[in-house]
Amino acid sequence: MKKFLMMLAFAGVSVAGMAQTELTEKYSVATNSFWSNWFIQANVVGTSFFDNGEKWSSPFKGYRTNLGASVAIGKWFTPGIGLRTKVNGIWGRSIISEDKSTNAIKYWNAQEQVLFNLSNLFCGYSETRVWNIIPFVGVGVLRNCSANEYCHGASLGLLNTWKISRKVAVNFELGLNILDDDMEGTTTGHQNYGYNFNSTDRHINAELGLTFNLGKATWNKVPDVDAINAMYQNQIDALNAQLNDANAENERLNNLIKNHKCPEGKTVTVKEVAAAPVSVFFNLGSAKVASRKDIVNVQALADVAKANGKTIVVTGYADSKTGSANFNQTLSQKRAETVKNELVNMGVAEDKIEVKAAGGVNDINPFSYNRRATVEIK
């Protein structure tokens with residue numbers, strides 16, 4: 001049994017490593033800090049106890065069932081892979097008779113379990129998903145406090161969670177525990193009931209309770225670099241088109257002047273200022289700039305505007321798929337004001353900055369890219 005437990009633990013760690021790599025590549029979620037995505041769980045537990053040597057009997061027989069409780073603390077390392085430490089027990093049954101008072105014991109069962117969120121692994125991470133299906137496997141130690149006996153065990157089961165809010169979810173799980181030794185701790189009276197007590201014990205659990213998320217409970221998608229590059233390429237193409245038009249107009253005016261007969265005629269250079277709009281991105285529900293790299297591009301545009309005495313227009317946006325219309329309107333205003341303050345720090349006069357708030361929009365796919373402010377020369 002010990003070799004089996006070691007193999008199970010090694011397999012769990014190996015699968016977790018492979019799944020984390022695949023998930024990160026497939027769904028491109030950013031890794032959170034160590035203190036993010038922790039959770040605690042508290043459950044009421046109904047447990048039915050079995051001895052492997054006895055004949056099959058209903059799991060609802062009173063001499064084998066008892067109520068208890070469980071608590072767990074865990075962490076999601078990716079949206080699909082997590083670990084939890086779980087302890088359940090208090091009241092149990094040792095199956096030495098068909099008299100529930102004779103069978104009554106006190107015990108605890110501590111398990112370290114690997115969690116696999118199939119909803120996120122196969123369907124991709126979504127912070128709005130309500131129902132998550134989470135199989136688990138684990139290893140641990142059980143102590144029969146009444147008989148002062150310890151034994152190793154393995155567990156497997158299925159956890160379901162239903163999201164109530166970002167911080168709270170209802171959870172229901174079914175689990176099976178298999179022990180490597182007899183947990184009764186006594187052989188007295190075994191022959192009277194026809195059971196083979198030199199075999200493994202096991203018990204099944206049905207648990208209902210709540211999950212409380214600690215700290216940050218969501219995951220940010222990694223920006224789609226190709227999409228951003230394509231957006232900037234479109235802006236560059238538009239800028240090149242404007243420059244070509246300006247050069248053509250300049251050439252036309254020079255030709256008109258050269259062909260004019262007035263002696264005072266001279267070459268005139270038409271000066272056009274054209275700069276592509278710059279986008280500054282923000283995280284969900286935040287007016288803090290997500291990456292200071294965006295400010296570098298704003299600095300270049302601010303320098304052009306100052307050199308030519310131009311006005312800069314800053315327009316704030318929020319994504320329409322999250323938050324109410326009033327909330328998004330306020331958030332877009334705050335994002336625009338944040339970029340305005342950056343421009344003022346760069347030396348742009350406040351009277352040369354126009355601020356607009358566009359509210360919630362759905363202009364760009366994926367929708368997270370709508371959480372931005374655009375900066376352009378008027």
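Residues numbered from 1 in each chain as written. Predicted model: local features only at pLDDT ≥ 70, side-chain atom pairs only at ≥ 80, totals over all residues. Heavy atoms only, no water.

A.B. asks: Before we go on, may I ask you to explain the environment of Leu-115 in this structure?
C.D. replies: As for its position among the elements, Leu-115 is in strand β4 (residues 104–116). For Leu-115, a relative accessible area of 0% translates into the label buried. Setting aside chain neighbours within four positions, we find Leu-115 in contact with Phe-39, Trp-76, Gly-80, Ile-81, Gly-82, Arg-84, Ile-134, Pro-135 and Phe-136. (Helix = DSSP H or I, 4+ residues; strand = E, 2+ residues; numbered from the N terminus. Buried < 20%, exposed > 50% of the residue type's maximum accessible area, 1.4 Å probe, protein only. Contact = heavy atoms within 4.5 Å.)

A.B. asks: What should I look at first to understand the pairing of strand β9 (residues 278–281) in this one?
C.D. replies: Residues Val-278 and Val-280 point to one face of β9 and Ser-279 and Phe-281 to the other, with burial holding for every one of them. Looking at chain direction, β9 and strand β12 (residues 372–377) are connected through 4 bridges and run antiparallel. Its bridge partner lying in β12, Ser-279 is registered against Thr-374. (Pairing = 2+ DSSP bridges.)

A.B. asks: Explanation requested: the packing of aromatic side chains in the structure shown.
C.D. replies: How two aromatic rings sit relative to each other is given by the distance of their centres and the angle of their planes. The tally for this structure, following the rule as stated, stands at 7 aromatic pairs. Between Phe-39 and Trp-76 the ring centres are 6.2 Å apart and the planes differ by 35 degrees, which places this aromatic pair in the tilted class. One end of the pair, Phe-39, is in strand β1 (residues 38–51); the other, Trp-76, is in strand β2 (residues 65–76), and 37 residues separate them in sequence. By relative accessible area, which is 2% here, Phe-39 ends up buried. Considering the side-chain rings of Phe-49 and Tyr-107, the 5.6 Å spacing of their centres and the 85 degrees angle between planes classify their relative orientation as edge-to-face. Here Tyr-107 lies in strand β4 and Phe-49 lies in strand β1, a separation of 58 residues in the sequence. (Phe/Tyr/Trp six-rings, centres within 6.5 Å; stacked < 30°, edge-to-face > 60°.)

A.B. asks: Would you explain the pattern of salt bridges in this entry?
C.D. replies: Pairing between side chains of opposite charge can happen when their charged atoms approach one another. Scanning the model with the defined rule gives 8 salt bridges in all. Ionic pairing is found between Lys-86 and Glu-173, a salt bridge with its closest N-O pair at 2.8 Å. Of this pair, Lys-86 sits in strand β3 (residues 81–93) while Glu-173 sits in strand β7 (residues 168–179), and the two are 87 residues apart along the sequence. The pair Lys-86 / Glu-173 is uniform in exposure class, with both members buried. (Salt bridge = Lys/Arg side-chain N within 4 Å of Asp/Glu carboxyl O.)

A.B. asks: Please explain the environment of Arg-371 as it appears in this structure.
C.D. replies: Among the structural elements, Arg-371 can be located in the loop between β11 (353–361) and β12. Here Arg-371 falls in the buried class, since its relative accessible area comes to 8%. Residues contacting Arg-371, with those up to four places away along its chain left out, are Val-280, Phe-281, Phe-282, Asn-283, Leu-284, Tyr-317, Asp-319, Thr-322 and Arg-335.

A.B. asks: For this particular structure, what's the right way to read the sheet that holds strand β10 (residues 312–319)?
C.D. replies: Each strand in a sheet pairs with another by means of backbone hydrogen bonds, the pair being arranged parallel or else antiparallel. Taken in spatial order, the 4 strands of this open sheet run β9-β12-β10-β11, and their pairing is mixed. The sheet is open, and its two borders are formed by β9 and β11, each paired with just one other strand. Averaged over neighbouring strand pairs, the angle between their axes works out to 20 degrees when direction is ignored. Across the sheet, helix α5 (residues 293–308) is in contact with β9, β10 and β12; its angle to β9 comes to roughly 145 degrees. Most of the contacts of helix α6 (residues 325–345) go to β11, to which it runs at about 150 degrees, and overall it touches β9, β10, β11 and β12. (Axes fitted to C-alpha atoms, helices over the stretch in contact; angles between N-to-C directions.)

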